[in-house]
Amino acid sequence: MCAGLANRLRATVSGIRAAEELGCGITISWPKEAVFGATWTDLFEADLAPWIRFTDEPIKGARMCLTAEDFAKVNQENIVIKSYGCFQPIDAKWLGWLRSLRPLPQFVPKFAEKPVGVHIRRTDNVTSCLSSPTPAFIAAMNAFPPSTVFFLATDDPLERKALVESYSGRIIVHSTECYHRDLKLGIEQGFREFLGLAACSEILGSVGSSFSEIAAAYGGVPLRLNPHT
């Protein structure tokens, strides 16, 4: 697997579904990289099924596979691929495997009541920056009753600071602030935010962000992108 958390998750689940359909075992590599400083067992329990194995070691000789069309072209007798995409259909079985992934207990959120999730994706995601501007989030948040509590997930410390000040007492954020994806602490913060969004009543998400999409799918939570649709 490569890339960020949500991209790794959708590729992992796609790999599991492919192996299930082919009736074979699978070894899933979750190495630490410059853009992702944690392994699978840093975040999740690993005992999914006897035929599913996780490793921290990179797999050599893998070819990129991002779509179902890509997967159809690989050697079905010796499949060695890397991916950050969804190369299997997102059907009930796919969602079942996604939701069977068990985070380590220390990362599971504990909300007294389900807040409304807000995911504002910034930094290197140009699509999210342009298509999901902050004023759109503020307008959507202001449309809720004044007593509504929000859970904020963002990779932008300035966005976090501004919204915490604007919605004082009504916005939940995690106490740690580490935005460095090469560090385990940074990935842990992102993972807590992912699980927090998945535990919300709904998500106001960012266009072009797999983080919004996979968090909603994992929690079975309604997702509003842009956040207008």
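In this text, all values refer to a predicted model and were calculated from it rather than measured experimentally. (Residues numbered from 1 in each chain as written. Predicted model: local features only at pLDDT ≥ 70, side-chain atom pairs only at ≥ 80, totals over all residues. Heavy atoms only, no water.)

The next thing to look at is the environment of R170. By secondary structure assignment, the location of R170 is in the loop between α7 (157–166) and β7 (171–172). Along the primary structure R170 and S29 are separated by 141 residues, whereas in three dimensions their C-alpha atoms are 40 Å apart. Setting aside residues up to four positions removed in sequence, R170 forms contacts with P145, P146, S147, T148, V149 and F150. Among the polar contacts made by the side chain of R170, one reaches the main-chain carbonyl oxygen of T148 at a distance of 2.9 Å. (Helix = DSSP H or I, 4+ residues; strand = E, 2+ residues; numbered from the N terminus. Contact = heavy atoms within 4.5 Å. Polar contact = N/O pair within 3.5 Å; in protein donor to acceptor, adjacent residues only side chain to side chain.)

Turning next to the confidence of the model for the protein chain. Within the protein chain, residue pLDDT values average 91, and 98% of them lie at 70 or more. Mean pLDDT per element in the protein chain: helix α5 (residues 126–131) is the minimum at 83, and helix α4 (residues 92–100) is the maximum at 97. (pLDDT = per-residue confidence, 0-100.)

To continue, consider the nonpolar core. Across soluble globular proteins, nonpolar side chains show a tendency to be buried alongside one another. If you look at the biggest cluster of nonpolar residues, it comprises 42 residues, and the most contacted ones within it are L5, L9, L43, I52, L98, L101 and F194. Every element with two or more residues in this core is listed here: α1 (5–22), β1 (26–29), α2 (40–43), β2 (52–55), α4, β6 (150–154), α8 (184–198) and α9 (210–219). For L9, the residues in contact, after removing those within four places along its chain, are W30, W40, F44, L101, F194 and I214. Counting 13 residues, the second-largest nonpolar core is a separate cluster that includes V116, V118, I120 and M141. (Core = buried A, V, L, I, M, F, W, Y, C linked by side-chain atoms within 4.5 Å. Buried < 20%, exposed > 50% of the residue type's maximum accessible area, 1.4 Å probe, protein only.)

We now examine the pairing of β6. Of all five residues in β6, five are buried, a share of seventy percent or more. Residues F150, L152 and T154 of β6 are buried on one face, and the alternating residues F151 and A153, pointing to the opposite face, are buried as well. Both strand β5 (residues 116–120) and β6 contribute to a ladder of five bridges, which runs parallel. Following the sheet pairing, H119 is matched in β6 by A153. Bridge count for β6 against β7 is two bridges, and the pairing is parallel. Across the sheet, residue F151 finds its bridge partner in β7, namely I172. (Pairing = 2+ DSSP bridges.)

Counting across every chain of the model gives 11 salt bridges. Between R8 and E33 there is a salt bridge, with the nearest N and O atoms lying 2.9 Å from each other. With R8 in helix α1 and E33 in the loop between β1 and α2, this pair connects stretches of sequence that are 25 residues apart. Taking relative accessible area as the criterion, R8 reaches 0% and is therefore assigned buried. For R102, the salt bridge goes to E45, with nearest N and O atoms at 3.0 Å. You can see R102 sitting in the loop between α4 and β5 and its partner E45 sitting in the loop between α2 and β2, a full 57 residues away along the chain. (Salt bridge = Lys/Arg side-chain N within 4 Å of Asp/Glu carboxyl O.)

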